[in-house]
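If you want the building blocks of each chain, they are given just below.
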Amino acid sequence: MAKEGVEKAEETEQMIEKEAGKEPAEGGGGGGSHRLGDAQEMRAVVLAGFGGLNKLRVTRKAMPEPQDGELKIRVKACGLNFIDLMVRQGNIDNPPKAPLVPGFECSGIVEALGDGVKGFEIGDRVMAFVNYNAWAEVVCTPVEFVYKIPDDMSFSEAAAFPMNFVTAYMMLFEVANLREGMSVLVHSAGGGVGQAVAQLCSTIPNVTVFGTASTFKHEAIKDSVTHLFDRNADYVQEVKRISAEGVDIVLDCLCGDNTGKGLSLLKPLGTYILYGSSNMVTGETKSFFSFAKSWWQVEKVNPIKLYEENKVIAGFSLLNLLFKQGRAGLIQRVVDKLIGLYTQKKIKPVVDSLWALEEVKEAMQRIHDRGNIGKLILDVEKTPTPLMANDSTETSEAGEEEEDHEGDSENKERMPFIQ
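Procedures and definitions
Residues numbered from 1 in each chain as written. Predicted model: local features only at pLDDT ≥ 70, side-chain atom pairs only at ≥ 80, totals over all residues. Heavy atoms only, no water. UniProt positions renumbered as here; feature names shortened; annotations may be inferred. Helix = DSSP H or I, 4+ residues; strand = E, 2+ residues; numbered from the N terminus. Contact = heavy atoms within 4.5 Å. Areas by Shrake-Rupley, 256 points an atom, 1.4 Å probe, with all protein chains shown as cover. Buried < 20%, exposed > 50% of the residue type's maximum accessible area, 1.4 Å probe, protein only. Right-handed = clockwise from strand over helix to strand, strands pointing away. Pairing = 2+ DSSP bridges. 1 Å grid on protein atoms, 1.4 Å probe; cavity = no way out; pocket = protein on both sides within 12 Å on 5 of 7 lines; lining within 4 Å. Points joined across faces, edges and corners; volume = space filled by probe spheres on them. Nonpolar A, V, L, I, M, F, W, Y, C, P; charged D, E, K, R; others polar. Phe/Tyr/Trp six-rings, centres within 6.5 Å; stacked < 30°, edge-to-face > 60°. Lys NZ or Arg CZ within 6 Å of the ring centre and 35° of its normal. Axes fitted to C-alpha atoms, helices over the stretch in contact; angles between N-to-C directions. Salt bridge = Lys/Arg side-chain N within 4 Å of Asp/Glu carboxyl O. Parallel < 35°, antiparallel > 145°, perpendicular 65-115°, else oblique. pLDDT = per-residue confidence, 0-100.

As recorded in an unreviewed UniProt entry, the protein chain goes by the name Synaptic vesicle membrane protein VAT-1 homolog-like, listed as coming from Camelus ferus. Annotation of the protein chain in UniProt includes, under Sequence similarities (unreviewed entry), the sentence "Belongs to the zinc-containing alcohol dehydrogenase family. Quinone oxidoreductase subfamily."

Here it is in structure tokens:
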């Protein structure tokens, strides 16, 4: 069945390329598969080992085929998240063994169906969660992690949708029970999750949103939140100056001393949710000092104090919920609700910029510098700028990476296409 799917998918791909005025891909360039004998290969971003940007390379790998219950997707776009940066550094619990292909979300076209797959057809436009391996031209993932996308949703929007909006929705409505008249404090308000939180809050009447972000982002995002503060300011005093009681919900992706500050801002029956720890990332590689500092600054929670003050503290990890805790059915229902809000024009992913696979180092540097407003997208079909392409020369999967040269700093100043 999967073999038949591959043949049909090749016809579908050729038809799509013909409609776009292109000849079917036959190797070379920035897209399409290469056929070596009976084996097919694809381009993929490979992390050779944990560490700095020099550990990333675009290589050719064997193309996967769907197993029972899986779909094979011809990838058009991939989402880049802060967790990907932490994975690159090895700054997560129980990191997988390298080499590996990073990435947890993508969008594209269904190319083949594994046995037992129902509800999808070859040629369907979809977005998907992937347990690693998303940053490639082709991925295979279980059907329960795949969702059809509306006709008017672009592939870049679809790649920006799953992680950000599902995370924001789950925290606001499933964990914190957001209702009319409540107030929310969200850190990194200019990021992908921050903007998703702001949009979802706007769907509920009279919700006040307090946000923190770098000053240079304020002009671009000022209309998405009610009150906006500089990320380095004393936001606790700023919030209390406006709302003496504090807020109902705190969404914290920073950790460190922000945990104690967030708890101090909660109203009675308020909820603090930790969903990240970006304060642990300071340099290009993993820093034990930053990890220790962040851990030391976290306020030690006293359950008796929570009881006395009527406060709730929670954590949220979408990837664990999906891949370790088996809640794909719940996420499917949430995605359905979010697609409904999208079709009603109530929410829309904010795409910061598009990058070729070969530009992944520069894209990661941008997210490390907190320079993005919304989501960074790896566009599989985008042609890289010449300097960036030279910096990420394709190698065999076993090829060695070259160290970055000091003279390559000019490459980081080159900007991608901004949507």
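Draft legend 1. Highlighting the overall build of the protein chain. In terms of regular secondary structure, the protein chain is built from 14 helices and 17 strands. For the protein chain, the share of sequence-separated contacts (at least 6 apart) that also reach a separation of at least 24 residues comes to 71%. Carbon together with sulfur atoms contributes 50% to the accessible area of the protein chain, which is approximately 18900 Å² in total.

Draft legend 2. Up close: the pairing of strand β10 (residues 208–213). Within β10, five of the six residues are buried, which leaves it mostly tucked inside the rest of the structure. Crossover handedness for the path strand β9 (residues 183–186) to helix α5 (residues 192–201) to β10: right-handed. Where β10 and strand β11 (residues 227–230) come together, four bridges link them in parallel fashion. For Ala 213, the partnering residue across the bridge sits in β11 and is Asp 230.

Draft legend 3. Representation of empty space enclosed by the protein. Within this structure, the stated rule accounts for two cavities of 30 Å³ or more. Of the pockets and cavities examined, the second largest cavity occupies roughly 40 Å³. Considering the residues around the second largest cavity, the lining is formed by Ala 160, Asn 164, Phe 165, Gly 192, Gln 195, Ala 196, Gln 199, Pro 349, Val 350, Gly 374 and Lys 375. The greatest single-element share of the lining of the second largest cavity, amounting to four residues, is contributed by α5. Of the residues that constitute the lining of the second largest cavity, the class distribution is five nonpolar, five polar and one charged.

Draft legend 4. Representation of the packing of aromatic side chains in the model. The final tally for this structure, using the stated rule, is seven aromatic pairs. Ring plane angle 85° and centroid distance 5.0 Å describe the contact between Phe 145 and Phe 323, whose orientation is recorded as edge-to-face. With Phe 145 in the loop between β7 (138–142) and β8 (146–148) and Phe 323 in helix α11 (residues 318–323), this pair connects stretches of sequence that are 178 residues apart. Judged by centre distance (5.0 Å) and plane angle (25°), the ring pair of Phe 161 and Phe 165 falls under stacked. With relative accessibility at 0%, the residue Phe 161 sits in the buried group. Chaining the aromatic ring pairs together yields one cluster made of Phe 161, Phe 165 and Tyr 342. The ring of Phe 155 carries Arg 125 above its face, with NZ or CZ at 4.7 Å from the centroid. The ring of Phe 120 has Lys 148 lying over it, and the distance from NZ or CZ to the ring centre is 5.6 Å.

Draft legend 5. Highlighting the sheet that holds β9. Read across the sheet, six strands follow the order β11-β10-β9-β12-β13-β14 without closing on themselves; strand pairing throughout is parallel. Only two strands of the sheet have a single neighbouring strand rather than two, namely β11 and β14 (312–315). Direction aside, the axes of adjacent strands within the sheet are offset by 15° on average. Packed onto the sheet, α5 meets β9, β10 and β12 (247–252) and runs at close to 170° relative to β9.

Draft legend 6. Highlighting the pattern of salt bridges. Per the stated rule, a full pass over the model turns up 17 salt bridges. Across the pair Glu 358 and Arg 43 runs a salt bridge, and its minimum N-O distance is 2.9 Å. Of the two residues, Glu 358 sits in the loop between β15 (351–355) and α13 (360–368) while Arg 43 sits in strand β2 (residues 39–47), which places them 315 residues apart along the sequence. Here Glu 358 and Arg 43 have matching classes, each one buried.

Draft legend 7. Expanded view of the environment of Thr 385. Looking at where Thr 385 falls in the secondary structure, it is placed in the loop between β16 (375–379) and α14 (386–391). A C-alpha to C-alpha distance of 8.1 Å links Thr 385 and Glu 359, two positions 26 residues apart in sequence.

Draft legend 8. Representation of the packing of helix α4 (residues 162–175) against helix α12 (residues 328–343) in the model. Where α4 contacts α12, the axes come no closer than 10 Å and their chain directions differ by 100°. On the basis of their axis angle, the class for α4 and α12 is roughly perpendicular. Contacts between α4 and α12 involve Phe 165, Val 166, Tyr 169, Met 170 and Glu 174 from the first element and Leu 330, Ile 331, Val 334, Val 335, Lys 337 and Leu 338 from the second. Of the residues belonging to the contact of α4 with α12, the class tally is nine nonpolar, no polar and two charged.

Draft legend 9. The arrangement of unusual backbone geometry in detail. Residue Ala 98 is joined to Pro 99 through a cis peptide bond whose omega torsion reads 5°. Summarising the element assignment, Pro 99 is placed in the loop between α2 (82–89) and β5 (105–113). In this structure, Leu 269 is a non-glycine residue whose phi angle is positive, near 70°. Inspection of the secondary structure assignment puts Leu 269 in strand β13 (residues 266–274). Taking the relative accessible area as the measure of exposure, Leu 269 reaches 68% and is therefore exposed.

Draft legend 10. Spatial organisation of the side chain of Thr 271. With respect to the helices and strands, Thr 271 occurs in strand β13. When neighbours within four sequence positions are excluded, Thr 271 is seen to be in contact with Ala 176, Asp 248, Ile 249, Val 250, Leu 266 and Val 312.

Draft legend 11. Seen up close, the confidence of the model for the protein chain. Here the protein chain averages 84 in pLDDT, while 77% of its residues score no lower than 70. Per-residue pLDDT stays below 50 along residues 393–419; that stretch engages in 50 contacts with residues further than four places along the chain or on separate chains.

Draft legend 12. Local environment of the environment of Gln 67. Note on placement: Gln 67 falls in the loop between β3 (56–62) and β4 (70–80). Excluding anything up to four places from it in sequence, Gln 67 contacts Gly 114 and Asp 115.

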